Each structure stands twice: as C-alpha cells, then as structure tokens.
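Examination of the molecular architecture
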Amino acid sequence: MKQNILLCKNHQQASLQAAALVAEAFTQNPTLTCTLAAGDTPLACYQELIRRQQAGSIQLQKARYIGLDEWLGLGPATPGSCLATMNRAFYQPAGIPQEQIAAFNGLTQDKEQERLRMEEILRQHPLDLAVLGVGVNGHIGFNEPGLSLTGDFALVPLSETTQQVGTKYFDGEATPLQGATMTLAALKKARRILIIATGKSKQAAAAAVLAGEEGLPVCAFLNHPGATYLLDEEAAGAQA
Ligand code: F6R
C-alpha cells in the first residue's frame, strides 16, 4: 500500500487523525491559506480543531479560508448550502473574521464573473492546505468523474449521483443541477492535501484509491508529495 494512505479504525479515528495533521499545518504557519470541504465527512475533524483552539493549542483565526465549492442558486441562508454548512460547523464557532473568508456566491447573477473572481483570489492567495471529502462516485469538490475542467475554478453540471446523494443536505428536496468548484488543478497546487473517505458508501472510491487507479477525481492526488488519504475500515472494506 502506498505510504500516503492511512487506514484508520473508524470515522472518529480518521477525524482525529485528520485534525492532528491539520493542526500541524496551522502550528507551522497560522496565516496559511486553506480550503475546507463542506459535507458531512469532515465535521468531526472541524469539531476537534475548534476544541484544540479552545484548549489554546492552535490558532485558527489568522488563516485565510477559500470555499471549495457551492451549489448554483443557493446562498448562505439555505441551510444545506456549502457556505451555510461551513458557517455553522466551522467559521462561526471558530470565530473566523468575515474578511478572511472568500466563497463563490451561489446567488450571483453573473456566474462567469463570479468564477473569475474566485480564480483571481486563488491566484493572489495560493492554497497551502486542502481538507477534502469524497463523493460516493469518487468526486472531489464538484469535480465529477469524466469531466475535464480547465482553469482553477469552474462551473459544472452535477452528476445524477451527486444530485441524488445531495438531497440529504436539503431534507430530501431536490438539489440544484449545477455547481461551482475549485478544480483538481487548483487543488493540486496546495502543499498539503488531506482526503478523508469513511463509511460503506465510500467503498468504491476507496477501492480505486487502494488499487492506485487513475481516472477518478479521488485518485488525482495519489502521486502528490503532500497528499494523505485517510480511509476507515468500513470504506477500505476487504481491501484493508
Ligand atoms: C463538499 C464537497 C463534496 C463532499 C462529498 C462528500 O464541499 O466538496 O465533494 O466532500 O460529496 O460528502 P459527504 O462528506 O457528505 O459524504
């Protein structure tokens, strides 16, 4: 197995391990620039980071945060939007000043201009760290399998799987059909990348990682020198 794949007992252990690695990066450089995935997977990791900050062992408030992705048509007032999730689960409890957070405005009237604004932000503030979840179809952010996106930030059609799975964020209601996302090319520029995949629903994605397959977005960082995959036993299944 590749050295940059960590097998963890369960979701909790993967979350604590991820938080320890994130804390290391923040300790080395408290003013780093990072992107943190929304979704359910990293929430326990974020809780642990906030706990560590409260305990005085790390400082999260000096860093710059750039939103990984967003559903087109949704803003922070919709609880299932990526920005609402990040506000609730991390930015607010961690006390991150508003001016240190940049995110694609899903409610924009001019999607292309908003996309260009995000590209410019990434140009001015290259990523040091990315904390990523994985879709059941192996997507990263909204980089869906089979899409080849150009530039650093892209507008994308969402796969049927992403739409179906995504209803969990919206009380079973339908998701938007399009999203906006940092591209894999942008994420690969980060010095440190953590990819967390836990639970049975991530078995196919984890199997692709463990087999070193190319092609699925989740596998894009297998040869990145700063990437660490954290898989739990349920995701790694019989492969572990
Ligand atoms: C969310 C995001 C998505 C999720 C992925 C896994 O910002 O980028 O790629 O990380 O869909 O979602 P969960 O963690 O809810 O299984």
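Data block above holds the structure.
Residues numbered from 1 in each chain as written. Predicted model: local features only at pLDDT ≥ 70, side-chain atom pairs only at ≥ 80, totals over all residues. Heavy atoms only, no water.

Quick look at the overall build of the protein chain
Across its full length, the protein chain carries eight helices and 10 strands. Taking 2.2 N^0.38 as the reference for a compact globule, 240 residues should give roughly 18 Å; the C-alpha atoms of the protein chain span a radius of gyration of 16 Å, in line with that estimate. Along the three orthogonal principal directions, the C-alpha set of the protein chain runs to about 45 × 45 × 35 Å. Burial status across the protein chain gives 54% buried among its 240 residues. (Helix = DSSP H or I, 4+ residues; strand = E, 2+ residues; numbered from the N terminus. Rg over C-alpha atoms; globule rule 2.2 N^0.38 Å. Buried < 20%, exposed > 50% of the residue type's maximum accessible area, 1.4 Å probe, protein only.)

Comments concerning the packing of aromatic side chains
Per the stated rule, a full pass over the model turns up 10 aromatic pairs. Between Tyr-65 and Tyr-91 the ring centres are 5.7 Å apart and the planes differ by 65°, which places this aromatic pair in the edge-to-face class. Taken together, the positions of Tyr-65 in strand β3 (residues 64–66) and Tyr-91 in helix α3 (residues 82–94) put the pair 26 residues apart, joining distant regions of the chain. Given a relative accessible area of 1%, Tyr-65 falls into the buried group. (Phe/Tyr/Trp six-rings, centres within 6.5 Å; stacked < 30°, edge-to-face > 60°.)

With respect to the sheet that holds strand β4 (residues 69–71)
Either a parallel or an antiparallel arrangement is found when strands of a sheet pair, and the pairing is made through backbone hydrogen bonds. Within the open sheet, the three strands sit side by side as β4-β8-β7. Their pairing is antiparallel. Only two strands of the sheet have a single neighbouring strand rather than two, namely β4 and β7 (153–157). The mean angle between the axes of side-by-side strands here comes to 20°, regardless of whether they run parallel or antiparallel. Relative to strand β8 (residues 178–182), β4 is paired through three bridges, and the arrangement is antiparallel. Across the sheet, residue Trp-71 finds its bridge partner in β8, namely Gly-179. Contacts from helix α4 (residues 111–124) reach β7 and β8, with the element oriented near 140° to β7. (Pairing = 2+ DSSP bridges. Axes fitted to C-alpha atoms, helices over the stretch in contact; angles between N-to-C directions. Contact = heavy atoms within 4.5 Å.)

No statement about biological role is implied by the geometric values presented.
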